[in-house]
Amino acid sequence: MTQGRFLHTMIRVGNLDRSIAFYTKLLGMKELRRRDVPDGKYTLAFLGYGTGNAEGQGEIELTYNYGVEKYEQGNAFGHLAVGVPDVAAACEAVRAGGGKVTREAGPVKFGTTIIAFVEDPDGYKIELIQRMS
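No experiment lies behind these values; they were computed from the predicted model shown.

Q: Whenever I open this one, the sheet that holds strand E2 (residues 30–37) confuses me. Can you help?
A: As a general point, the strands of a sheet are linked pairwise by backbone hydrogen bonds and lie either parallel or antiparallel. Across the sheet, which stays open at both edges, the 4 strands sit in the order E1-E4-E3-E2 with mixed pairing between neighbours. Both outer strands of the open sheet, strand E1 (8–12) and E2, are each paired with one neighbouring strand and no more. Here the average twist between neighbouring strands, direction ignored, is 20°.

Shown next as structure tokens:
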């Protein structure tokens, strides 16, 4: 097998515009591309921090299936992780934008790395990890 690279993680969302607003306005991502498929009754939006499938730049694929406003969260999926320079400031930005902070910024249990958890509008957990670069 040749060397692969991570491309994206797909999550299903109940309101595409609301989810795009959360990831772009509150977490600073960019909408990289969008594809509407009327025959399949779905729309895909790809978001990330890079320029679109650049080497080493993973993306989030938001999938909106026409007419589906809510999904049941399973217990197998854990969370998405996003590196930020200041976790406490990121939590405040999420809170100020109407988002939900479920674990305030602080060191990880038995360690020193600063983390926090927030939820997107569909209830997906996002771990914010303090990264200097």
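So, next bit.
Q: Quick question: what am I supposed to make of the pairing of strand E5 (residues 80–84) here?
A: In E5, alternate side chains face the same way, and those of Leu80, Val82 and Val84 are buried while those of Ala81 and Gly83 on the opposite face are not. In this sheet, strand E8 (residues 125–130) lies alongside E5 in parallel orientation, the contact comprising 5 bridges. Bridged to alanine 81 within E8 is glutamate 127.

Q: Please explain unusual backbone geometry as it appears in this structure.
A: Working note: non-glycine residues mostly have negative phi, and peptide bonds are mostly trans. One non-glycine residue, lysine 41, adopts positive backbone phi at about 60°. With respect to the helices and strands, the residue lysine 41 is situated in the loop between E2 and strand E3 (42–48).

Thresholds, definitions, all that
Residues numbered from 1 in each chain as written. Predicted model: local features only at pLDDT ≥ 70, side-chain atom pairs only at ≥ 80, totals over all residues. Heavy atoms only, no water. Pairing = 2+ DSSP bridges. Helix = DSSP H or I, 4+ residues; strand = E, 2+ residues; numbered from the N terminus. Axes fitted to C-alpha atoms, helices over the stretch in contact; angles between N-to-C directions. Buried < 20%, exposed > 50% of the residue type's maximum accessible area, 1.4 Å probe, protein only.

This is a description of form; function is not addressed.
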